[in-house]
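# Inside the fold
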Amino acid sequence: MDFAWTEEQAAFRREVIRFAQQELNDDLIQRDRDEEFSRSHWQKCADFGIQGLPVPQEYGGGGADTLTTLCALEALGYGCRDNGFLFSLNAHMWTTEIPIMAFGTEEQKRRYLPKLISGEWIGLHAMTEPMSGSDAYSLHTRAERQGNCYVLNGSKTFATNAQHGDLFIIFANVDPSKGANGVSAFLVEKGTPGLIVGQKLHKMGLRTSPMGEVALDDCKIPVENLLDKEGSGQAIFTTSMEWERTCILASHLGMMQRVLETCVKYARERSQFGQPIGKFSAIGNKIADMDVRLETGRLLLYKAAWLKTQGRHPLREISIAKLYVSEACIQSCLDAIQIHGGYGYMTDYQIERELRDAIAGKIYSGTSEIQKVIIAGLHGF
């Protein structure tokens, strides 16, 4: 087994880190305080090629495989301290680009993918509803076929990128009697009558990522905006989550490495009782634990990504990685605050923000509890 990046991947990783450190970190404390999403950073990432990484070159993308994409996103998480912005970027790629790439018609691919890759458009999906979260397919949003159109009615919440979205993938129930098999997905463009973006939601962390509510009031769309076919919603959502859980965790790994290096530097420079604090076992042990979590998370995630490159659908491996990395990231951020003491609690040191951003990892893309249900279910429970 070869655990090393190729020369090309390693060079690309270095270039992504350089780009992120130079272009994506300005005014972050203020932008986090103001809950400000940076459209200029979005365009810089598109010009660099981030949004197009997994998309075939024929649609303007980079055509990268899963491991190379993961490599780039881990580097992005290391170089860019704006975890909220990266969350929006991941949501765009995995909940909009991937579903269109995997399930869209040729016309849909050519109509939407170039705009999503170029930075001109921002995408999102609207799945979660006020009364459905982990029970993802118990949707009250309905889609009714009327001639050559579908009419959508319902409400969504926790929609990442809602305020800036240009293309919405709306999940709605065409036939409630079929349960999950009655759920379908629809492509709805900004400005479509009946598509209403509601109030902005204010969050504990990931504050630079916009999130809002979406309502559908007799929203009429043409039948050609159905993604795949009626009843494909579960397959579309599952494919989206498989990619998201793999690749969004890569940004977590990059952040965990950055936080570890910050702590090592601080533990060398900060002295108490006549020696660097890293010499005390209470601090050194925390740094060791952070390193172990990082390397364990990498092994889990790289294995899942490798299986995807082999054409497999590694549900078990991805669920294990999602569960472990999201929990480990929080603990490493807690350790980082403890290592920095009072300074770690201060905004200017930018450690407290890492913790606020990390906590959401236990919730989005399937909660830790749901990952345990999936893993146990694969053992027959």
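Here, the structure is the one placed above.
What comes next concerns the included structure. (Residues numbered from 1 in each chain as written. Predicted model: local features only at pLDDT ≥ 70, side-chain atom pairs only at ≥ 80, totals over all residues. Heavy atoms only, no water.)

All right, on to the overall build of the protein then. A count of helical and extended segments in the protein gives 11 helices and 10 strands. Relative to the 2.2 N^0.38 estimate, which gives 21 Å for 381 residues, the radius of gyration of the protein is 21 Å and therefore close to what a compact globule would have. The proportion of buried residues among the 381 residues of the protein is 56%. Counting contacts in the protein only where the partners sit at least 6 residues apart, residues at least 24 apart contribute 75% of the total. When the accessible surface of the protein is summed, it comes to about 16500 Å², and 53% of that surface belongs to carbon and sulfur atoms. Of the side-chain charges in the protein, 40 are positive and 47 negative, and the distance between the mean point of each set is 3 Å. (Helix = DSSP H or I, 4+ residues; strand = E, 2+ residues; numbered from the N terminus. Rg over C-alpha atoms; globule rule 2.2 N^0.38 Å. Buried < 20%, exposed > 50% of the residue type's maximum accessible area, 1.4 Å probe, protein only. Contact = heavy atoms within 4.5 Å. Areas by Shrake-Rupley, 256 points an atom, 1.4 Å probe, with all protein chains shown as cover. Lys, Arg positive; Asp, Glu negative; His and termini not counted. Charge placed at Lys NZ, Arg CZ, Asp CG, Glu CD.)

Attention now goes to the packing of aromatic side chains. This model, assessed by the stated rule, comprises 14 aromatic pairs. Their ring planes at 15° and their centres at 5.4 Å tell us that Trp94 and Trp243 sit as a pair that is stacked. Here Trp243 lies in helix H7 (residues 233-269) and Trp94 lies in helix H5 (residues 83-103), a separation of 149 residues in the sequence. Each member of the pair Trp94 and Trp243 is classed as buried. The ring of Tyr150 carries Arg145 above its face, with NZ or CZ at 5.5 Å from the centroid. (Phe/Tyr/Trp six-rings, centres within 6.5 Å; stacked < 30°, edge-to-face > 60°. Lys NZ or Arg CZ within 6 Å of the ring centre and 35° of its normal.)

A word on the environment of Gly297. Looking at the element boundaries, Gly297 is found in helix H8 (residues 281-309). Along the backbone, Gly297 and Ile277 are 20 residues apart, and their C-alpha atoms lie at a distance of 26 Å. If sequence neighbours within four positions are ignored, Gly297 has contacts with Leu253, Tyr324 and Val325.

This part covers the side chain of Glu97. In this structure, Glu97 sits in helix H5. The charged side chain of Glu97 is buried without a salt bridge, its nearest counter-charge being Arg39 at 11 Å. A polar contact of 3.1 Å, which involves the side chain of Glu97, links it to the side chain of His92. (Salt bridge = Lys/Arg side-chain N within 4 Å of Asp/Glu carboxyl O. Polar contact = N/O pair within 3.5 Å; in protein donor to acceptor, adjacent residues only side chain to side chain.)

A word on the pattern of salt bridges. Pairing between side chains of opposite charge can happen when their charged atoms approach one another. The tally for this structure, following the rule as stated, stands at 25 salt bridges. Between Glu354 and Arg81 there is a salt bridge, with the nearest N and O atoms lying 3.9 Å from each other. You can see Glu354 sitting in helix H10 (residues 352-359) and its partner Arg81 sitting in the loop between helix H4 (66-79) and H5, a full 273 residues away along the chain. With a relative accessible area of 19%, Arg81 lands in the buried category. Here Glu269 makes a salt bridge to Lys265, at a shortest N to O gap of 2.9 Å. Taken together, the residues Glu269 and Lys265, both in helix H7 and 4 residues apart, mark about one turn of the helix. Connected through shared salt-bridge partners, Asp32, Glu35, Lys200, Arg207, Glu352 and Arg356 make up one network.

Moving on to the side chain of Arg31. Position of Arg31 among the secondary structure elements: in helix H2 (residues 28-34). Judged by relative accessible area, which is 4%, Arg31 ranks as buried. Among residues more than four places away in sequence, those in contact with Arg31 are Leu24, Asn25, Asp26, Glu36, Ser38, His41, Asp82 and Thr208.

Turning our attention to the packing of H7 against helix H9 (residues 315-340). It is at 9 Å that the axes of H7 and H9 come closest, and there the two elements cross at 20°. When the interaxial angle is binned, H7 and H9 end up roughly parallel. As H7 packs across H9, the resulting crossing turns out to be left-handed. Listed contacts from H9 to Glu242, Arg245, Thr246, Leu249, His252, Leu253, Met255, Met256, Val259, Thr262, Cys263 and Tyr266 of H7 are Ile318, Ala321, Lys322, Val325, Ser326, Ala328, Cys329, Ser332, Cys333, Ala336, Ile339 and His340. Classifying every residue of the contact of H7 with H9 by side-chain character gives 15 nonpolar, 6 polar and 3 charged. (Axes fitted to C-alpha atoms, helices over the stretch in contact; angles between N-to-C directions. Parallel < 35°, antiparallel > 145°, perpendicular 65-115°, else oblique. Left-handed = near helix turned anticlockwise from the far one by under 90°. Nonpolar A, V, L, I, M, F, W, Y, C, P; charged D, E, K, R; others polar.)

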